[in-house]
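Geometric and topological summary
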Amino acid sequence: MERSNLKTDEELKKRAWRLLEENRRTAVWQGKTYTFTIPSPTHYPFQWFWDSCFHVISLTKLEEIDRAKGEIESLLVWQKPSGEINHIVYYWDQAKMKLAPGAWNWLDTKPFLSFIPFSPKPKTSALIQPPVLAQAVERIFQKSHDRQWLKEIFPKIAHYYRWLTVTRDPDRDGLISIIAPYESGLDQSPAYDRAAPNGRGILFLDKLFCYRMPLIDRWGQFLVEDVLMNSILGKNLRVLAQLAQELKKPEEAREFGKQANRVTQALLAKCWDEEGGMFWNLDGREERSAKIKTIISLMPLILEDLPKDIAHRLVQEHLTNPQEFWTNYPITSVAANEETFTVDDNPKVDSGLWRGPTWVATNWFLSKGLEQHGFAKEARFLADKTKELVLRGGFREYYDPFTGEPGQHSALNFGWSTLVVDL
Ligand code: GLC
């Protein structure tokens, strides 16, 4: 590596460490102290599921192994007996945070009467987020070689993935469904415009169904087999199989390996569009393809068993196409030639998140995907551009894909943008 690159990397590591330290919080629950990292003090003051997994990846890179373990443990303490783990842990009361009532923990949670002052407040949401948990645990193990810790954690994460692949796959086709756009973590992506013209309205309906999957499956308005969610699931089931192997659990290694193959096969059979050279989300029980070119459609690139010819088409026709995703500061969250593409993030006109700007987490996933499928040059370019975004604009939530400026309304001190230390 060149000297200047080394210096840049050292500088980014220093800044990342400082940010993760500033966003570190502790909370006491049932007599035990938990330590975790909030995504951003300006916008997101609780613990979020996939953000925490990304924080683990940065923390292990910074040799903060105990903190990384803490991040996982503070999530797992909220695991339901069914295996489910939800997307936000409200370690403290929203009212104390001076947030608009109902901003998160009324609509996102099961109880109906929790808005009444002094009533008990729910501690977790009822939604999920992309299952990056196995990858996070794998990183901790790779760095620490702490087999004892892995042994303790493994049954809990296996239980979680079993819950996901059973409860969230009501039609048993190998693809899990999300019940609100927020579950994919790509909140207002235009990929959901048809199925969810109003995301909050969908949450309200889910709440009326008490967030119960059999009811939502039957009568709900939003049930999407999402390509990003399933690509991350497939990748993580593969990792889980490797972790099982590590622990000498051959049966579980086989079980999760088979499940991982099944996800790739289902994505190819049901979401791949040979003509368009893209993967599409499937909406509703009738599984209508949502043909909107967003970053969601590129995510199968993270699967190692994606056939080479398909990986090539995704990269050559779309990912590195300057008319679509490969702008000055790639990768746009929506193809630049889509009608809905915008870099305007003004909440007053409700343009919403994930409708154009570039985000670090998706760049992190896809630069690994590019590398794995033999696009080393493109992967390097993407990694360098992403570092440049952060060096220039700081750790922000998202960036303008043409100018590289941070989004005007994007969160400050944004935790997962520290993933640049792993690029
Ligand atoms: C935004 C993102 C979501 C993330 C959350 C907390 O809502 O869209 O993916 O988890 O912020 O950072």
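Note: the structure precedes this text.
Described in the following lines is the structure provided in the data block. From a predicted model like this one, the values you see are computed outputs, not experimental measurements.

**A closer look at the overall build of the chain**
Scanning the chain from N- to C-terminus turns up 12 helices and 10 strands. A globule of 423 residues ought to have a C-alpha radius of gyration of about 22 Å, and the chain, at 20 Å, matches this closely. Along the first, second and third principal axes, the C-alpha set of the chain runs to 55 × 55 × 50 Å. Here the contacts in the chain between residues at least 6 apart in sequence split such that 69% fall between residues at least 24 apart. Within the structure as shown, the chain displays about 17,600 Å² of accessible surface, and the carbon and sulfur contribution to it stands at 53%. For the chain, the centre of its 54 positive side-chain charges and the centre of its 56 negative side-chain charges are spaced 5 Å apart.

**Remarks on the sheet that holds strand β6 (residues 224–225)**
Reading across the sheet, the 4 strands line up as β5-β6-β9-β10 and stay open at both edges, with antiparallel pairing between neighbours. Taken across any chain shown, the strands that pair with only one partner, and hence form the sheet edges, are β5 (177–178) and β10 (288–290). In this sheet, strand β9 (residues 281–283) lies alongside β6 in antiparallel orientation, the contact comprising 2 bridges. The residue of β9 that forms the bridge with Glu225 is Leu282.

**Quick word on the pattern of salt bridges**
One pass over the structure, following the stated rule, counts 25 salt bridges. Close ionic contact of Arg162 with Glu255 constitutes a salt bridge, the shortest N to O distance being 2.7 Å. In this pair, Arg162 sits in helix α5 (residues 147–167) while Glu255 sits in helix α9 (residues 250–271), placing the two residues 93 residues apart along the sequence. Overall, Arg162 belongs to the partly exposed group, its relative accessible area being 29%. Across the salt bridge formed by Glu304 and Arg238, the nearest N and O atoms sit 3.8 Å from each other. On the criterion of sequence distance, the pair formed by Glu304 in the loop between β10 and α10 (308–319) and Arg238 in helix α8 (residues 227–246) is long-range, its members being 66 residues apart. What makes Arg238 buried here is its relative accessible area of 17%. Taken together, the shared-partner salt bridges connect Lys61, Arg139, Lys368 and Asp422 into one network.

**Thoughts on α10**
Counting along an α-helix, one turn takes 3.6 residues, and residues three or four places apart therefore face a common direction. Ile310, Ala311, Leu314, Val315, His318 and Leu319 are the residues of α10 that are buried. Seen end-on, α10 carries its buried residues on one side only, within an arc spanning 130 degrees. Of the exposed residues in α10, the ones pointing more than 90 degrees away from its buried face are Asp309 and Gln316. Considering only its buried residues, α10 is in contact with α9, β7 (272–273), β8 (278–279) and α11 (360–372).

**Observations concerning the packing of aromatic side chains**
Here the structure, examined in full by the defined rule, presents 26 aromatic pairs. Look at Phe49 and Tyr160: their rings are 5.7 Å apart centre to centre, the planes differ by 45 degrees, and that puts the pair in the tilted class. Within this pair, whereas Phe49 is found in helix α2 (residues 49–61), its partner Tyr160 is found in helix α5, the two being separated by 111 residues in sequence. In this structure, Arg200 is placed above the aromatic ring of Tyr182, and the distance from its NZ or CZ to the ring centre is 5.0 Å. Geometry around Phe112 places Lys207 over its ring, the cationic atom sitting 5.1 Å from the centre.

**Thoughts on the site of the ligand**
Around the ligand, 13 residues are found, and the nearest of them are Asp51, Gln129, Gly185, Asp187 and Trp354. Contacts to the ligand include Trp50, whose side-chain N or O atom sits 3.0 Å from an oxygen atom. A distance of 2.9 Å separates an oxygen atom of the ligand from a polar atom in the side chain of Trp354. With the chains in place, 97% of the 310 Å² that the ligand exposes on its own is no longer accessible. Looking at the shell around the ligand residue by residue, the class counts come to 8 nonpolar, 2 polar and 3 charged.

**With respect to the side chain of His373**
Note on placement: His373 falls in the loop between α11 and α12 (376–393). Separated by 3.2 Å, the side chains of His373 and Lys308 make a polar contact. In this view, His373 contacts Leu301, Leu303, Glu304, Leu306, Lys308, Ala311 and His312; residues no more than four positions away in its chain are not counted.

**Quick look at the packing of α2 against helix α3 (residues 65–76)**
In the contact formed by α2 and α3, the axes pass within 8 Å of each other and the chain directions differ by 165 degrees. Taken together, the axes of α2 and α3 are roughly antiparallel relative to one another. You can see that α2 and α3 cross each other, and the crossing is left-handed. Along its contact with α2, which presents Phe49, Ser52, His55, Val56, Leu59 and Thr60, the element α3 presents Ile65, Arg67, Ala68, Glu71, Ile72 and Leu75. Classifying every residue of the contact of α2 with α3 gives 7 nonpolar, 3 polar and 2 charged.

Basis of the calculations
Throughout this description, residue numbers start from 1 for each chain and increase along the sequence as written. Residues qualify for local features only when their pLDDT is at least 70, as the model is predicted, and side-chain atom pairs are given and counted only at 80 or more; totals for whole chains, interfaces and linings, by contrast, use all residues. The basis for every side-chain value is the complete set of heavy atoms in the structure, and neither hydrogens nor water enter the calculation. Labels follow the DSSP assignment, with helices taken as runs of H or I lasting at least four residues and strands as runs of E lasting at least two, numbered in each case from the N terminus. Our radius of gyration is a C-alpha quantity, and the globule rule it is checked against amounts to 2.2 Å times the number of residues to the power 0.38. Only heavy atoms enter the contact rule, under which two residues are in contact if any of them lie within 4.5 Å. Residue exposure ignores everything except the shown protein chains as possible cover, and the areas themselves are Shrake-Rupley values with a 1.4 Å probe. Charge counting follows a simple rule: Lys and Arg are positive, Asp and Glu are negative, and His as well as the terminal groups are ignored. By convention, the point assigned to a charge is CZ for Arg, NZ for Lys, CD for Glu and CG for Asp. Note on pairing: two strands pair once DSSP finds at least 2 bridges between them. Any carboxyl oxygen of Asp or Glu within 4 Å of a side-chain nitrogen of Lys or Arg constitutes a salt bridge here. Exposure classes here rest on a 1.4 Å probe applied to the protein chains alone. A residue is buried below 20% of its type maximum, exposed above 50%, and partly exposed in between. The directions considered for the arc are those from the helix axis to the C-beta atoms. Stacked, tilted and edge-to-face pairs are distinguished by plane angle, under 30 degrees for stacked and over 60 for edge-to-face with tilted covering the rest, among Phe, Tyr and Trp rings (Trp via its six-membered ring) whose centres lie within 6.5 Å. Only lysine NZ and arginine CZ atoms are considered, and such an atom sits over a ring when it is within 6 Å of the ring centre and within 35 degrees of the ring normal. For this purpose, a residue is taken to be near a molecule or strand whenever a single non-hydrogen atom of the residue falls within 4 Å of it. Under the rule applied, a polar contact is a pair of N or O atoms within 3.5 Å (in protein, one hydrogen donor and one hydrogen acceptor; residues adjacent in sequence only if both atoms are side-chain atoms). Each residue gets one label: Ala, Val, Leu, Ile, Met, Phe, Trp, Tyr, Cys and Pro are nonpolar, Asp, Glu, Lys and Arg are charged, and the others, such as Gly, are polar. To get an axis, a line is fitted to the C-alpha atoms, and for a helix only the part in contact is used. The angle between two axes follows their N-to-C directions and goes from 0 to 180 degrees. Any angle that is under 35 degrees is reported as roughly parallel, and any over 145 degrees as roughly antiparallel; angles of 65 to 115 degrees are reported as roughly perpendicular and all others as oblique. Note on convention: near helix rotated counterclockwise from far helix by under a right angle means a left-handed crossing. Clockwise means right-handed.

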